[in-house]
Amino acid sequence: MSVKIHYQNTHFITSAPDIRHLPEDEGIEVAFAGRSNAGKSSSLNRLTNQKSLAKTSKTPGRTQLINLFKVTDGCHIVDLPGYGFAQVPLEMKKKWQKSLGEYLQKRQCLKGLVVLMDIRHPMKDLDQQLIYWAVDSGIPVQVLLTKADKLKSGARKAQVLKIKQDAVGFGGDVSVAAFSSLKGLGVDVLRNKLDEWFAPAFAEELTEEIVQEEQQSDEQE
Ligand SMILES: Nc1nc2c(ncn2[C@@H]2O[C@H](COP(=O)(O)OP(=O)(O)OP(=O)(O)O)[C@@H](O)[C@H]2O)c(=O)[nH]1
Ligand SMILES: [Mg+2]
């Protein structure tokens, strides 16, 4: 079943320091993860055509909380705290990484992971760990090579090809695309992927409607 979701209706729900402060673990959630400054918040704003839905910053480490957004009934997006920022005090780093790990491992409604990496510095250790973990857990991954506008067309294509080859090595459902929040490149790829991951939410809705209709016609007979 194919659905087209209107991402511009997305709105902020809550910021949580850890998963215990998130709403019920139900519906379908897709998480955006990546190193600090990779462009997670910018990609969300581009996806939803909203200038400041997610706060962006030149200072890495801005998004320290798990930010939850509602796309439509039963469909949520999560902007996860960035990892791998060197200049953050160790204690704070540990705390984020704990809440990040906890979210990824315990949140049952997590059905897809968007991993964002700067196209000029992709596949760092933590990026790879994250992808391995997702593949292990049977969660599909969309890699977005961000800030693609920073490379010329030839270099960009070569880099996408290289990372696509790397992605095969993970052995799971890992797709790769170039992305630019600035130019809008790759936004269609991202929308199509999210539509696919969120589709079961609509299937359930449809099933509920059919059951209700059947019950009504039973009652009428
Ligand atoms: N040229 C260019 N710059 C971008 C693009 N996307 C993001 N940036 C810039 O990169 C910086 C970081 O972007 P954010 O979206 O805040 O990154 P983030 O991953 O949310 O960062 P944290 O929340 O700190 O983890 C900002 O200065 C953005 O303007 C892009 O597509 N092209
Ligand atoms: Mg951010």
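Residues numbered from 1 in each chain as written. Chains lettered and ligands numbered in written order. Predicted model: local features only at pLDDT ≥ 70, side-chain atom pairs only at ≥ 80, totals over all residues. Heavy atoms only, no water.

(A) Highlighting the overall build of the chain. If you tally the helices and strands in the chain, you get 5 helices and 7 strands. Going residue by residue from the N terminus, the α and β elements of the chain occur as β-β-α-β-β-α-β-α-β-α-β-α. The C-alpha radius of gyration of the chain comes to 18 Å, within 12% of the 17 Å expected for a compact globule of 221 residues. With the C-alpha coordinates aligned to their principal axes, the bounding extent of the chain is approximately 70 × 40 × 35 Å. In the chain, buried positions account for 45% of the 221 residues. Partitioning the intrachain contacts of the chain with sequence separation of at least 6 by distance along the chain shows that 74% fall at a separation of at least 24. Carbon together with sulfur atoms contributes 49% to the accessible area of the chain, which is approximately 11900 Å² in total. (Helix = DSSP H or I, 4+ residues; strand = E, 2+ residues; numbered from the N terminus. Rg over C-alpha atoms; globule rule 2.2 N^0.38 Å. Buried < 20%, exposed > 50% of the residue type's maximum accessible area, 1.4 Å probe, protein only. Contact = heavy atoms within 4.5 Å. Areas by Shrake-Rupley, 256 points an atom, 1.4 Å probe, with all protein chains shown as cover.)

(B) Structural detail: helix H2 (residues 90-106). With 17 residues, H2 should reach 24 Å at 1.5 Å per residue; the first-to-last C-alpha distance of 24 Å fits that figure. Of the positions making up H2, those classed as buried are Trp 96, Ser 99, Leu 100, Glu 102, Tyr 103 and Leu 104. (Expected span 1.5 Å × (residues − 1).)

(C) Highlighting the pairing of strand S3 (residues 66-72). Counted residue by residue, S3 has 5 buried out of 7 residues, so it is predominantly covered. For strand S1 (residues 11-16) and S3, the ladder comprises 5 bridges, and the chain directions are antiparallel. Directly across from Ser 15, in S3, lies its bridge partner Asn 67. Bridge count between S3 and strand S4 (residues 75-79): 5 bridges; the pairing is antiparallel. Bridged to Thr 72 within S4 is Cys 75. Where S3 folds back on S4, the antiparallel hairpin that results is connected by 2 residues, among which Gly 74 adopts a positive phi of roughly 75 degrees. (Pairing = 2+ DSSP bridges.)

(D) Structural context of the sheet that holds strand S6 (residues 141-146). Strand order in the open sheet formed by 7 strands is S1-S3-S4-S2-S5-S6-S7, with mixed pairing between adjacent strands. Two strands lie at the open edges of the sheet, namely S1 and strand S7 (174-178), each paired on one side alone. Pairs of neighbouring strands in the sheet enclose a mean axial angle of 20 degrees, with direction left out of account. Set on the sheet, helix H4 (residues 153-168) makes contact with S6 and S7; between it and S7 the angle comes to about 170 degrees. (Axes fitted to C-alpha atoms, helices over the stretch in contact; angles between N-to-C directions.)

(E) Structural view of the packing of aromatic side chains. One pass over the structure, following the stated rule, counts 2 aromatic pairs. Measuring from centroid to centroid gives 5.7 Å for Phe 12 and Phe 69, while their planes differ by 70 degrees, and the two rings are edge-to-face. Remark: Phe 69 occurs in strand S3 and Phe 12 occurs in strand S1; sequence separation between them is 57 residues. (Phe/Tyr/Trp six-rings, centres within 6.5 Å; stacked < 30°, edge-to-face > 60°.)

(F) Fine view of unusual backbone geometry. For Asn 37, which is not glycine, the phi torsion reads 80 degrees and is therefore positive. Take Asn 37: its relative accessible area is 37%, and that puts it in the partly exposed class. One non-glycine residue with positive phi stands out, namely Met 123, at about 55 degrees. Inspection of the secondary structure assignment puts Met 123 in the loop between strand S5 (110-118) and helix H3 (125-136).

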